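Read off the chains here:
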Amino acid sequence: MGKETLYNKKSKIELKKILKEEQFTRRTISFYKYISLNNLDELRDKIYESWNSLNILGRVYIANEGINAQISIPSNGINFFKDELNSKFNFGDLMFKTAIQEGNSFYKLVVKIKNEIVAYNVSEKEYNMNHVGKHLDYKEFNKSIDDGAIVLDMRNYYEGEIGKFENAIIPDIERSQELLPEVKQLLDKHKNDKILLYCTGGIRCEKASSYLIHHGFSDVNQLNGGIIQYANDIKKNNVQSKFIGKNFVFDDRMSEPVTEHVIGECHICFESSDSHTNCANEHCHILFIQCANCRDKFQNCCSEDCSKFILLPKEKRKEMFKNGDIKFNAQKSQKIKPRLKDIR
Ligand SMILES: [Zn+2]
Ligand SMILES: [Zn+2]
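About the thresholds
- Every chain is numbered on its own, with residues counted from 1 as its sequence reads.
- Following the order in which they are written, the chains are lettered starting with A and the ligands numbered starting with 1.
- Totals for whole chains, interfaces and linings use every residue, but because this is a predicted model, local features are given only for residues with pLDDT of at least 70 and side-chain atom pairs only at 80 or more, for both listing and counting.
- Note: side-chain values were computed over all heavy atoms of the structure, leaving out hydrogens and water.
- Each residue gets one of three labels from its accessible area relative to the maximum for its type: buried under 20%, exposed over 50%, partly exposed in between, using a 1.4 Å probe on protein chains only.
- Counting from the N terminus, the helices are the DSSP runs of H or I reaching at least four residues and the strands are the DSSP runs of E reaching at least two.
- It is the directions from the helix axis to the C-beta atoms that the arc portrays.
- It only takes one pair of heavy atoms within 4.5 Å for two residues to be counted as in contact.
- Only nitrogen, oxygen and sulfur atoms qualify as donors, and only when within 2.8 Å of the metal (3.2 Å in the case of Na, K and Ca); with water excluded, sites may look incomplete.
- Here the metal geometry follows the donor angles, with tetrahedral for four donors whose angles all fall between 85 and 135 degrees, square planar for four and octahedral for six when opposite donors are more than 155 degrees apart and every other angle is between 65 and 115, and irregular for all the rest.
- Strands are labelled as partners when DSSP assigns at least two bridges between them.
- All axes here are fitted lines through C-alpha atoms, helices being fitted over the stretch that makes contact, and every angle between N-to-C directions spans 0 to 180 degrees.
- Note on terminology: a nonpolar core comprises buried Ala, Val, Leu, Ile, Met, Phe, Trp, Tyr and Cys residues joined through side-chain atoms within 4.5 Å.
- These domain boundaries are the output of an automatic or database domain assignment.

## Description of helix α6 (residues 179-186)
Okay, step 1: All buried positions along α6 are accounted for by Leu-179, Leu-180 and Val-183. Projection of α6 onto a plane perpendicular to its axis shows the buried side chains occupying an angular sector of 90°, all on one side.
Okay, step 2: Buried positions along α6 lie against β7 (150-153) and α7 (203-214).

Shown next as structure tokens:
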């Protein structure tokens, strides 16, 4: 098979239309594995070819340290996919997590080679993936919270804005590259206390827990399968959730509800809201929380400036932006993920 068939070339609009017209259901599942992988170019093409032929969509990262996959599979093909995974790839035992709430998550398949599957920007000498925190299931995690353990959210700040474990510490960072040194400092006086880490699906806590162990923390634990597995288990076993609100996800769904609580607020009017969106002005595109009123008022934009700007002819918009005549909220901050409410 020629190389040119190993990438998707259809436009986003075309792909979304195809997805909408599908006559079958899909399931969004995710898995990861820290495992030594080699010949990444070859592996990348093999994954793409195999999964594309099964009509799988999603985002897959591979690196020498392992694989991280978030994919959408035709429901009737899941067993076949798992068999193929076993026969064609040597990823070993895998824990599959199913989305808390289904929806159109992905519209194309992307398989990328990365330096790391979780990029914390810490030296390889500061962690050892053979020595990670103890995996706790939902029961053990809940019990440890009741017993007074320290709970730490290992995600980016904006993920915790719409949902989190009660009383969890949310480190004030915007990129995972800044997280670990910050966490080490936050916990400095708790080297012998019980520490509970959690993230979306577990992958970030594997490396983070190893880092903390390396730095002398003696009782490091992680939520097995992350919020996704926890929410599924809580529901299945009819147990009250200690996670409140929504789980932020990195696909078209943006989030999935775990409980009915709305813990966030609109970044424009500060009314209660937990709907993340990106500003509809493509030159701005800032990620923020917006209530329904403000969404109507600003036509899916973050500000009056942006909502007026998108009504201008395309050429005019391009020219103004290129000339630097106009700065939107996203450009007013040096940050990669600025908080809209800090800018205004
Ligand atoms: Zn609002
Ligand atoms: Zn904007």
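## Examining the coordination of the zinc ion (ligand 1)
Okay, step 1: Looking at the zinc ion (ligand 1), the protein donor atoms are Cys-266 (SG), Cys-269 (SG), Cys-291 (SG) and Cys-294 (SG), and they sit 2.3 Å from it.
Okay, step 2: Angles of 104 to 115° at the metal separate the four donor atoms of the zinc ion (ligand 1), which places the site in the tetrahedral class.
Okay, step 3: Ordering the donors of the zinc ion (ligand 1) by residue number gives the pattern C-x2-C-x21-C-x2-C. A residue pair is termed long-range when its members are at least 10 positions apart, and Cys-269 in the loop between β12 (255-257) and β13 (276-278) and Cys-291 in the loop between β14 (287-289) and α9 (292-297) qualify at 22 residues.

## Structural notes on unusual backbone geometry
Okay, step 1: Unusually for a residue other than glycine, Asn-39 sits at a positive phi of about 45°.
Okay, step 2: Structurally, the position occupied by Asn-39 is in the loop between β1 (26-34) and α2 (40-53).
Okay, step 3: On the basis of relative accessibility, which here comes to 55%, the residue Asn-39 falls in the exposed class.
Okay, step 4: Phi is positive for Asn-167, close to 65°, though the residue is something other than glycine.

## Here we look at the sheet that holds strand β5 (residues 109-113)
Okay, step 1: Sheet architecture is open: five strands sit in the order β4-β1-β3-β2-β5, paired in mixed fashion. Looking along the sheet, the strands with just one partner apiece sit at the ends: β4 (97-98) and β5.
Okay, step 2: Pairing between β1 and β4: two bridges, direction antiparallel. Looking at β4, one finds that Ser-30 is bridged to Lys-97.
Okay, step 3: On the sheet, α2 packs against β1, β2 (57-63), β3 (66-74) and β5 and is oriented at approximately 170° with respect to β5.
Okay, step 4: Each of β1 and β3 touches α7; the most contacted strand, β1, lies at about 20° to it.

## Digging into the sheet that holds strand β10 (residues 219-223)
Okay, step 1: Taking strand neighbours across the sheet as the criterion, the four strands line up as β6-β10-β9-β7 in an open arrangement whose pairing is parallel. Each edge of the sheet is formed by a strand with only one pairing partner; in this case those strands are β6 (134-136) and β7. Adjacent strand axes in the sheet meet at a mean angle of 30° when their direction is disregarded.
Okay, step 2: Here three bridges tie β6 to β10, and the two strands are oriented parallel to one another. In the strand pairing of β10, Leu-136 is matched with Leu-223.
Okay, step 3: Across the sheet, helix α4 (residues 138-146) touches β6, β7, β9 (194-198) and β10, and the angle it forms with β9 is around 130°.

## Details of the nonpolar core
Okay, step 1: Ranked by internal contacts, the top residues of the largest apolar core, which has 26 residues, are Tyr-120, Met-154, Leu-180, Val-183, Leu-187, Leu-197 and Leu-212.
Okay, step 2: Taken together, the elements giving at least two residues each to this core come down to β1, β7, α6, β9 and α7.
Okay, step 3: For this core, the element with the highest residue contribution is α7, accounting for five residues.
Okay, step 4: When residues of this core are assigned to domains, at least three map to each of domain 1 (3-113) and domain 2 (124-236).
Okay, step 5: When neighbours within four sequence positions are excluded, Leu-212 is seen to be in contact with Val-183, Lys-184, Leu-187, Leu-197, Phe-217 and Val-220.
Okay, step 6: Core analysis: the second largest hydrophobic core is formed by 25 residues, Phe-31, Leu-37, Ile-56 and Ile-71 among them.

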